[in-house]
Amino acid sequence: MKLIERAGLAALRRIDPETAHGLALKALNRGLVPLPGPVTSPRLTINLAGLDMPNPIGLAAGFDKNAEALAPLMRAGFGFLEVGAATPKAQPGNPKPRLFRLPEDRAVINRFGFNNDGAADIGARLAARPRGIPVGLNLGANKDSADRAGDFVRVLEICGPHADFATVNVSSPNTEKLRDLQGRAALTALLQGVIEARKSLPRPIPIFLKIAPDLTDAELADVAEVAMHVGIDAIIATNTTLSRDGLAGLHRDEAGGLSGRPLFARSTRVLAHLSKLTEGWMPLIGVGGVGSVEDAYAKIRAGALAVQLYTAMVYQGLSLAADIARALDARLARDGFDTVVDAVGSDRARWL
């Protein structure tokens, strides 16, 4: 970690987490954060659902909810970005405080509740971004919506022409009853509606599905079957968890979704199980507790073609993405893999 980055992180950790996050985005936009530019090699390049990526390390949704820092983030060493979640109408989200650091656990609990500027503003920022790595949008539903399935369609219609992929997010624990949409019948109807809406876009874009880590094996099997049946292009495993097992942090009992290191094993087991269920029918993206090259490599060998990170950057800084990408290149070479694809699922059995 660079000295300037270490000093910046130390300063940010002295203030309220949500305020600190806003300041970090402003620092990015003002050019105060050193950026490495593209990180790539023949071993690292992948094609995920038709999208060419310079490396498989992505930024998870939630870091840049409103697509405010796309230009600098595209130069931060990631292979792809996901912004949002966006809802049809702007909404403030849940009351503050709603973001809590658990440094002893290298974790975070949030209960934001899809606070965002709304699809129109986010879509405009996506349209104005520079060319470069793929940028996708996480689709959400308004808290007060009477038709949450319809909300996903509306956001896709507004923002889809300006995004490279869209993620159906039915796995956030912070919007009441949202996770109910992961049931077989509701999920089938929702995804079919989104896939149908995609036909109206000027260019079809891949549709991903983000799932929770708290599904039972039977529920996960239903999700996999539905996703393959309706033609989803990739699955992101996983979102935050409601579990609080083994936490030591002062804020461990706060309501919301837990992310970071404690989620790693749980999310990786779900990923490996999903890899077995889908057996190569669609690419998988591993997210949850990725904080090192070892974590990223483990996700890939458990079945992920790409990974995403967010919470670890709270403690290790934005340079983490480029550091992991470079180290992954060396790790693949060490183990005799010519490409990332060759390593996918090579150690899946360990997690089953």
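Residues numbered from 1 in each chain as written. Predicted model: local features only at pLDDT ≥ 70, side-chain atom pairs only at ≥ 80, totals over all residues. Heavy atoms only, no water.

A. A look at the overall build of the protein. Regarding its fold elements, the protein presents 12 helices and 13 strands. Taken over C-alpha atoms, the radius of gyration comes to 18 Å for the protein, in line with the 20 Å a tight globule of 352 residues would show. Dimensions of the protein along its principal axes, counting C-alpha atoms only, are 50 × 45 × 45 Å. Burial statistics for the protein: of 352 residues in total, 59% are counted as buried. Put simply, the protein shows about 14200 Å² of open surface, and 53% of that area lies on carbon and sulfur atoms. Across the protein, 41 positive and 37 negative side-chain charges occur, with their mean positions spaced 5 Å apart. (Helix = DSSP H or I, 4+ residues; strand = E, 2+ residues; numbered from the N terminus. Rg over C-alpha atoms; globule rule 2.2 N^0.38 Å. Buried < 20%, exposed > 50% of the residue type's maximum accessible area, 1.4 Å probe, protein only. Areas by Shrake-Rupley, 256 points an atom, 1.4 Å probe, with all protein chains shown as cover. Lys, Arg positive; Asp, Glu negative; His and termini not counted. Charge placed at Lys NZ, Arg CZ, Asp CG, Glu CD.)

B. Representation of the nonpolar core within the structure. In terms of nonpolar packing, the biggest core is built from 100 residues, with Phe78, Leu137, Val168, Leu209 and Ile211 touching the most fellow members. Tallying contributions element by element places helix α11 (residues 320-334) first for this core, with 7 residues. Counting 5 residues, the second largest nonpolar core, distinct from the first, contains Leu102, Ala107, Ile109 and Leu258. (Core = buried A, V, L, I, M, F, W, Y, C linked by side-chain atoms within 4.5 Å.)

C. Region of the structure containing the pairing of strand β5 (residues 99-102). Burial along β5 is two-sided: Leu99 and Arg101 and Phe100 and Leu102, pointing in opposite directions, are all buried. Relative to strand β6 (residues 107-110), β5 runs antiparallel, the two being bridged by 4 bridges. Of the residues in β6, the one forming a bridge with Arg101 is Val108. (Pairing = 2+ DSSP bridges.)

D. Main features of the pattern of salt bridges. Scanning all chains against the criterion turns up 19 salt bridges. Here Arg331 ties to Glu294 by a salt bridge, and the two come within 3.3 Å at their closest N and O atoms. Pair noted here: Arg331 is in helix α11 and Glu294 is in helix α9 (residues 293-302), with a separation of 37 residues, a long-range link. By relative accessible area, Arg331 is classed as buried at 18%. In this structure, Asp323 engages Arg326 in a salt bridge whose closest nitrogen and oxygen atoms are separated by 3.5 Å. Of the two residues, Asp323 and Arg326 are both situated in helix α11; the distance of 3 residues between them amounts to about one turn of the helix. What makes Asp323 partly exposed here is its relative accessible area of 34%. Three or more residues joined by partner-sharing salt bridges are found here, namely Arg129, Asp164 and Arg203. (Salt bridge = Lys/Arg side-chain N within 4 Å of Asp/Glu carboxyl O.)

E. Structural context of the pairing of strand β9 (residues 207-211). Within β9, 5 of the 5 residues are buried, which leaves it mostly tucked inside the rest of the structure. For strand β8 (residues 165-169) and β9, the ladder comprises 4 bridges, and the chain directions are parallel. Bridge pairing in β9 links Thr167 to Phe208. With 4 bridges connecting them, β9 and strand β10 (residues 234-237) associate as parallel partners.

F. Representation of the packing of aromatic side chains. For the structure shown, the criterion picks out 4 aromatic pairs. Between the aromatic rings of Phe264 and Trp351, the centroid separation amounts to 5.9 Å while the plane-to-plane angle is 80 degrees, which identifies the pairing as edge-to-face. Here Trp351 lies in the segment after α12 (340-343) and Phe264 lies in helix α8 (residues 264-278), a separation of 87 residues in the sequence. Across the pair, Trp351 and Phe264 agree in class, each one buried. Following the ring pairs from residue to residue traces out a cluster consisting of Phe80, Phe165 and Phe208. (Phe/Tyr/Trp six-rings, centres within 6.5 Å; stacked < 30°, edge-to-face > 60°.)

G. Region of the structure containing the sheet that holds β6. Strand order across the open sheet formed by 3 strands is β5-β6-β11, with antiparallel pairing between neighbours. Because the sheet does not close on itself, it has two edges, and the strands there are β5 and β11 (257-260). Neighbour-to-neighbour, the strand axes of the sheet open up by a mean angle of 20 degrees, direction not taken into account. (Axes fitted to C-alpha atoms, helices over the stretch in contact; angles between N-to-C directions.)

H. Fine view of the packing of helix α6 (residues 184-198) against helix α7 (residues 217-230). Running from N to C, α6 and α7 point in directions that differ by 25 degrees, and their axes come no closer than 10 Å. As far as their axial angle goes, α7 and α6 are roughly parallel. By crossing handedness, the relation of α6 to α7 is classed as right-handed. The segment α6 lies against α7, with Arg184, Leu187, Thr188, Leu191, Gln192 and Ile195 engaging Asp222, Val223, Glu225, Val226, His229 and Val230. (Parallel < 35°, antiparallel > 145°, perpendicular 65-115°, else oblique. Left-handed = near helix turned anticlockwise from the far one by under 90°. Contact = heavy atoms within 4.5 Å.)

I. Examining the environment of Gly289 more closely. Position of Gly289 among the secondary structure elements: in the loop between β12 (284-287) and α9. In sequence terms Gly289 and Tyr310 are 21 residues apart; their C-alpha atoms lie 8.6 Å from each other. When residues no more than four places from it in sequence are discounted, the contact partners of Gly289 are Gly260, Arg261, Phe264 and Asp295.

Remember, this is a structural readout, not a statement about activity or role.
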